[in-house]
Amino acid sequence: SGSRFHSVLSGSVLGLIDVKHPLFRRIEGVEILDVKAYSDAFKAGLRKGDIITGVNGHLVTSLEEFETYTMKYKKSPKFSLNIRRKNNNLLLMLQ
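Note that this is a predicted model, so its numbers are computed, not measured.

A. Quick peek at the overall build of the protein chain. In terms of regular secondary structure, the protein chain is built from 2 helices and 6 strands. Counting from the amino terminus, helix and strand elements in the protein chain follow one another as β-β-α-β-β-α-β-β. Computed over C-alpha atoms, the radius of gyration of the protein chain comes to 12 Å, within 12% of the 12 Å expected from 2.2 N^0.38 for 95 residues, which places it in the range of a compact globule. In terms of principal-axis extent, the alpha carbons of the protein chain reach across some 35 × 30 × 20 Å. Here the protein chain holds 95 residues, and the buried ones make up 42% of them. Put simply, of all contacts in the protein chain between residues at least 6 apart along the chain, 48% involve residues at least 24 apart. As displayed, the protein chain offers around 5,800 Å² of accessible surface, 52% of which is attributable to carbon and sulfur atoms. Between the mean site of the 15 positive side-chain charges and the mean site of the 9 negative ones, the protein chain shows a separation of 6 Å.

See the structure below:
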C-alpha cells in the first residue's frame, strides 16, 4: 500500500504492470492495481490501471525506483507523478 511511499498514495495498491494490461511490455512503470474509493490516492486523481512512469521528472521502471523517489520526496509538500492512463499522458501535481 501507499504507507511506504508519500502519504498521498495511501489507499492505493501498486505493483508491476500486469500481463493483462494493454500496455504490458509496451511501457515501463508501476501499475496502480487498486485504489480505494475516497482514499487520499483517489482524491489525488489516481485510478486503477494507471501506470506511473515518473516521479518529479525521474523515470520509474520498477517498484524499487518508485519507492526510492517517493521516499526522497516523502516530506515534500508537493511533487509530481507522470501517469499513463489508457492512451493519455497525464501530469498530476500532488500535495
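B. Inspection of the side chain of Asp50 at higher detail. Relative to the helices and strands, Asp50 is located in the loop between helix H1 (40-43) and strand S3 (51-55). Given a relative accessible area of 1%, Asp50 falls into the buried group. In this structure the side chain of Asp50 is engaged in a polar contact, spanning 2.9 Å, whose partner is the backbone nitrogen of Arg47. In terms of polar contacts, Asp50 uses its side chain to reach the side chain of Arg85, at 2.7 Å. Among residues more than four places away in sequence, those in contact with Asp50 are Val30, Glu31, Ile32, Gly45, Ile83, Arg84 and Arg85.

C. Just the environment of Gly45, in detail. Structurally, Gly45 can be placed in the loop between H1 and S3. Distance from Gly45 to Thr68, taken between C-alpha atoms, is 22 Å for residues 23 residues apart in sequence. With near-sequence residues (within four places) excluded, Gly45 lies in contact with Asp50, Arg85 and Leu92.

D. Broad picture of the nonpolar core. Ranked by internal contacts, the top residues of the largest apolar core, which has 17 residues, are Leu46, Ile52, Val55, Phe66 and Leu81. Secondary structure elements with two or more residues in this core: strand S2 (30-35), S3, strand S5 (79-85) and strand S6 (88-94). Setting aside residues up to four positions removed in sequence, Ile52 forms contacts with Leu14, Gly29, Val30, Ile32, Val60, Phe66, Leu81, Asn82 and Ile83.

Cut-offs and rules
Residues numbered from 1 in each chain as written. Predicted model: local features only at pLDDT ≥ 70, side-chain atom pairs only at ≥ 80, totals over all residues. Heavy atoms only, no water. Helix = DSSP H or I, 4+ residues; strand = E, 2+ residues; numbered from the N terminus. Rg over C-alpha atoms; globule rule 2.2 N^0.38 Å. Buried < 20%, exposed > 50% of the residue type's maximum accessible area, 1.4 Å probe, protein only. Contact = heavy atoms within 4.5 Å. Areas by Shrake-Rupley, 256 points an atom, 1.4 Å probe, with all protein chains shown as cover. Lys, Arg positive; Asp, Glu negative; His and termini not counted. Charge placed at Lys NZ, Arg CZ, Asp CG, Glu CD. Polar contact = N/O pair within 3.5 Å; in protein donor to acceptor, adjacent residues only side chain to side chain. Core = buried A, V, L, I, M, F, W, Y, C linked by side-chain atoms within 4.5 Å.

The quantities given are spatial measurements derived from coordinates; they are silent on function.
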